[in-house]
Amino acid sequence: MAYSNKVIDHYENPRNVGALPKDDANVGTGLVGAPECGDVMKLQVKVNPETGVIDDAKFKTFGCGSAIASSSLATEWLKGKTVEEALAIKNTDIVEELSLPPVKIHCSVLAEDAIKAAIADYRKKRESEGAEAPALAGAQPTA
Amino acid sequence: MKLPIYMDYHATTPVDPRVVEAMLPYFTDKFGNAASRNHEFGWVAEEAVETARKQVAELIGASPKEIIFTSGATESNNLAIKGAVEMYREKGNHVITCVTEHKAVIDTCKRLEKQGCRVTYLPVAKDGRIDLDELRDAITDKTVLISIMAANNEIGVLQPIAEVGALAKEKGVLLHTDAVQAAGKVPFNVAEQKVDLVSLSAHKMYGPKGVGALYVRRRNPRVLLSEQVNGGGHERGMRSGTLNVPGIVGFGAAAALCRAEMATESERLRGLRDRLNEVLHRNLDEIFINGSMEHRLPHNLNISFAYVEGESLLMGINDVAVSSGSACTSASLEPSYVLKALGAGDDLAHSSIRFGLGRWTTEAEVEYVAEKLTSVVRRLREMSPLYEMVKEGVDLSKMQWVTH
């Protein structure tokens, strides 16, 4: 399968790979996908509580080149956006930017889900401030 | 060393230049139709075909009369299975095969099921081999055919064909084997393996694409098949159609070369394959060989690199041609059914790479591939959330994943 140059660039030089302290009250973590489906994304945002602006974003992805590129691009876009603006990012924006073929659209859907899950986790922490924050949103160990 | 490196010899092989040399006259000067019985052009073509038939027969210990030329192993598998089931309809309607067979066998069996046949798909153990007791239990008085491959195209695992053959003989059931990956690579003999029908392909043994063969036993028992392609009655009436003379000549030449060089070639490739395996295991943790290492083609290696997805791995080694069992590399978007059948879990199927070494694989290539793959796996694991979680002590099997 031929990849677009943008996908190759994100694959070879992924932006913002890494982890933020998940117990930090200002960090929201989203973990979406499943190993047996061949893709898992972990996306984290660090929000400035004063301004509501995303100061930092990190990701780690298990998946194909398009999944890696989608999450890399997502973190690039998230930085500097407010939480509200971040929630407006649509998977179709990612498809367009990376010129993803139809069989790879699910990668962009997963990236959008990861953004939403990360922000949901951040918001949950803000609501229950003071209480112990859950480690991860989207996926939890069952036992 | 020339890039890109080809390490996907199970998919296809380049035609050996000696084979090309043998084929060339049959495109131009010696272009005759082997079925033209009344002139020199036809006689020359027929003689070339008969030489090739003998060469292919010798590779598997058969008599030339038992070789039917086809367009390839897919056709051979179709002809063997459909042809036998149709011919022996009065005896029964039950076929036994295995879940890890090539699609040309599985899909043929599926078609027969739609037409009222009963098919048993034997499972495989974790090592990729069938259980002979399960096979024995599956045989009924309605069983007309057993079809079990000699060597698997993904994991290179060798099935116990001689034992299956002995059991089939004992029960009076015909045995077909898809020997596409095994023939010319490891010793394969129709008498020792007690097989009745064998599918072969030229392009997996350094011959041209578009030509294959079906061995059809003529004695003890004499196997009859219903023809699937009707026409001029070529190939003892079992496969009509003008013979692909240059292709068949190439197939014969390729078979003769494999027969002459098999012993040294397989030992050389075994050494290189083991070296590849050793370097990868030395460099990386959490990598798993798919299928038996003991009962395996000497030039095959199939490894899952846990926590890394196969297509992203291939992308990182884009100057190396290998295959992956990952869903993302398949047309069906499903991970390899062969790896799934081993019971290792879909996640490991997604993380698998198949290496197929061959006649022109060099030591330098093996070293390059091993080191390059090591660095790509390390890089991708650094960005894998699964690897991070495992290192933090999370049990991935106890996670509740949000599937999509």
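Reading the values: rules and limits
- Residues numbered from 1 in each chain as written.
- Chains lettered and ligands numbered in written order.
- Predicted model: local features only at pLDDT ≥ 70, side-chain atom pairs only at ≥ 80, totals over all residues.
- Heavy atoms only, no water.
- Helix = DSSP H or I, 4+ residues; strand = E, 2+ residues; numbered from the N terminus.
- Buried < 20%, exposed > 50% of the residue type's maximum accessible area, 1.4 Å probe, protein only.
- Contact = heavy atoms within 4.5 Å.
- Areas by Shrake-Rupley, 256 points an atom, 1.4 Å probe, with all protein chains shown as cover.
- Pairing = 2+ DSSP bridges.
- Axes fitted to C-alpha atoms, helices over the stretch in contact; angles between N-to-C directions.
- Buried area = accessible area lost by both parts, 1.4 Å probe.
- Salt bridge = Lys/Arg side-chain N within 4 Å of Asp/Glu carboxyl O.
- pLDDT = per-residue confidence, 0-100.
- Patch = residues over 30% accessible without salt bridge, like charges linked within 9 Å, V, L, I, M, F, W, Y side chains within 5 Å.
- Lys, Arg positive; Asp, Glu negative; His and termini not counted.
- Charge placed at Lys NZ, Arg CZ, Asp CG, Glu CD.
- Expected span 1.5 Å × (residues − 1).
- Parallel < 35°, antiparallel > 145°, perpendicular 65-115°, else oblique.
- Left-handed = near helix turned anticlockwise from the far one by under 90°.
- Nonpolar A, V, L, I, M, F, W, Y, C, P; charged D, E, K, R; others polar.
- Disulfide = S-S within 2.5 Å.

## Thoughts on the overall build of chain A
Helix and strand counts for chain A come out as 5 helices and 4 strands. The order of α-helices and β-strands along chain A, N terminus first, is α-β-β-β-α-α-α-α-β. Expressed as a percentage of its 143 residues, the buried residues of chain A come to 50%. Sequence-distant contacts, at least 24 apart, represent 62% of the contacts inside chain A between residues at least 6 apart. Of the roughly 5800 Å² of accessible surface on chain A, a fraction of 51% belongs to carbon and sulfur atoms.

## Structural notes on the sheet that holds strand E5 (residues 143-147) of chain B
Residues and elements named next belong to chain B. The strand order across the open sheet built from 7 strands is E2-E8-E7-E6-E5-E3-E4, with neighbouring strands paired in mixed fashion. Sheet topology places strand E2 (67-70) and strand E4 (118-122) at the edges, where each strand pairs with a single neighbour. Sheet twist, expressed as the mean angle between neighbouring strand axes with direction ignored, is 20°. Of the pairings in the sheet, the one linking E2 to strand E8 (residues 212-216) comprises 4 bridges and is antiparallel in character.

## Points about the sheet that holds strand E13 (residues 352-356) of chain B
All names here are of chain B. Read from one edge to the other, the open sheet built from 4 strands follows the order E9-E10-E13-E12, with strand pairing classed as antiparallel. Each of the sheet's edge strands pairs with one partner strand only, and the pair in question is strand E9 (287-289) and strand E12 (323-324). Across 5 bridges, the pairing between strand E10 (residues 300-305) and E13 is antiparallel. Residue pairing in the sheet places Asn 302 in a bridge with Arg 354 of E13. Each of E9, E10 and E13 touches helix H7 (residues 245-283); the most contacted strand, E10, lies at about 15° to it. Across the sheet, helix H11 (residues 363-382) touches E9, E10 and E13, and the angle it forms with E10 is around 15°.

## A closer look at the interface of chain A and chain B
Taken together, the 37 residues of chain A in the interface contact 30 residues of chain B. Across the chain A/chain B interface, buried area totals approximately 3000 Å², and carbon plus sulfur atoms make up 65% of it. When the area that chain A buries against chain B is broken down by residue, the three leading residues are Tyr 11, Lys 60 and Phe 62 of chain A, summing to 23%. For the interface between chain A and chain B, the tally reads 4 salt bridges. Between Lys 104 of chain A and Glu 311 of chain B there is a salt bridge, with the nearest N and O atoms lying 3.1 Å from each other.

## Here's the deal with the confidence of the model for chain A
Low-pLDDT stretches of the model should not have their predicted coordinates read in fine detail. Residue and element names in this part refer to chain A. Averaged over all residues, the pLDDT of chain A equals 90, while 90% of them reach at least 70. Looking across chain A, the model is least confident in strand E4 (residues 140-141), with a mean pLDDT of 50, and most confident in strand E3 (residues 53-62), with 97. A low-confidence stretch, residues 131-137 stays under pLDDT 50, and its non-local contacts, those more than four residues away or across chains, total 15 contacts.

## A few points about the side chain of Lys 42 of chain A
Secondary-structure assignment places Lys 42 of chain A in strand E2 (residues 39-48). What makes Lys 42 of chain A buried here is its relative accessible area of 7%. With near-sequence residues (within four places) excluded, Lys 42 of chain A lies in contact with Ala 19, Thr 29, Gly 30, Leu 31, Lys 58, Phe 59 and Lys 60 of chain A together with Pro 385 and Glu 388 of chain B.

## Topic: a negative patch on the surface
A surface patch of like charges, here negative, comprises Asp 131, Asp 133, Glu 134 and Asp 137 of chain B. Along the chain, the position of Asp 137 of chain B falls in helix H5 (residues 132-138).

## Digging into the pairing of strand E1 (residues 27-34) of chain A
All names here are of chain A. Among the 8 residues of E1, 8 are classified as buried, and the element is accordingly described as predominantly covered. Sheet topology places E1 next to E2; 8 bridges connect them, and they run antiparallel. For Leu 31, the partnering residue across the bridge sits in E2 and is Lys 42. Linking E1 back to E2 in an antiparallel pair, the connection comprises 4 residues, with Gly 38 at a positive phi of about 90°.

## Some points on helix H2 (residues 40-59) of chain B
All names here are of chain B. Taking 1.5 Å as the rise per residue, H2 with 20 residues should run 28 Å; its terminal C-alpha atoms sit 29 Å apart, in good agreement. Each element contacted by the buried residues of H2 is listed here: E2, strand E7 (197-201), E8 and H7. Count one or two residues on from H2 and you reach Gly 61, which has phi positive near 70°.

## Considerations on the packing of helix H4 (residues 91-98) of chain A against helix H5 (residues 105-127) of chain A
All names here are of chain A. Relative orientation of the contacting elements H4 and H5 amounts to 130°, with a least axis distance of 8 Å. When the interaxial angle is binned, H4 and H5 end up oblique. Handedness of the crossing formed by H4 with H5: right-handed. Along the contact surface, H4 presents Asn 91, Ile 94 and Val 95, while H5 presents Ile 105, Ser 108, Val 109, Ala 111 and Glu 112. Class assignment for the residues of the contact of H4 with H5 results in 5 nonpolar, 2 polar and 1 charged.

## Comments concerning the packing of helix H2 (residues 65-78) of chain A against H4 of chain A
Residue and element names in this part refer to chain A. Relative orientation of the contacting elements H2 and H4 amounts to 110°, with a least axis distance of 10 Å. Relative to H4, H2 is oriented roughly perpendicular. Contacts from Ala 69, Ser 70, Leu 73 and Trp 77 in H2 reach Asp 93, Ile 94, Glu 97 and Leu 98 in H4. Per-class residue counts for the contact of H2 with H4 are 5 nonpolar, 1 polar and 2 charged.

## A look at the state of the cysteines
Residues and elements named next belong to chain B. A full pass over the atoms with the stated rule returns 0 disulfides over all chains. Summary of cysteine pairing: Cys 98 is not part of a disulfide, and the nearest cysteine sulfur, belonging to Cys 109, is at 11 Å. A relative accessible area of 0% places Cys 98 in the buried class.

## A few points about the pattern of salt bridges
All names here are of chain B. Inspection of the entire model under this criterion finds 34 salt bridges over all chains. Among the salt bridges present, the one from Arg 136 reaches Glu 170, with a minimum N-O distance of 3.0 Å. Pair noted here: Arg 136 is in helix H5 and Glu 170 is in helix H6 (residues 161-171), with a separation of 34 residues, a long-range link. The closest approach of N and O atoms between Lys 391 and Asp 285, which form a salt bridge, is 3.3 Å. In this pair, Lys 391 is assigned in helix H12 (residues 385-391) and Asp 285 in the loop between H7 and E9, connecting sequence segments 106 residues apart. Judged by its relative accessible area of 33%, Asp 285 falls in the partly exposed class. In this structure, a network of salt bridges that share partners links the residues Asp 16, Arg 18, Glu 261, Glu 265 and Arg 359.

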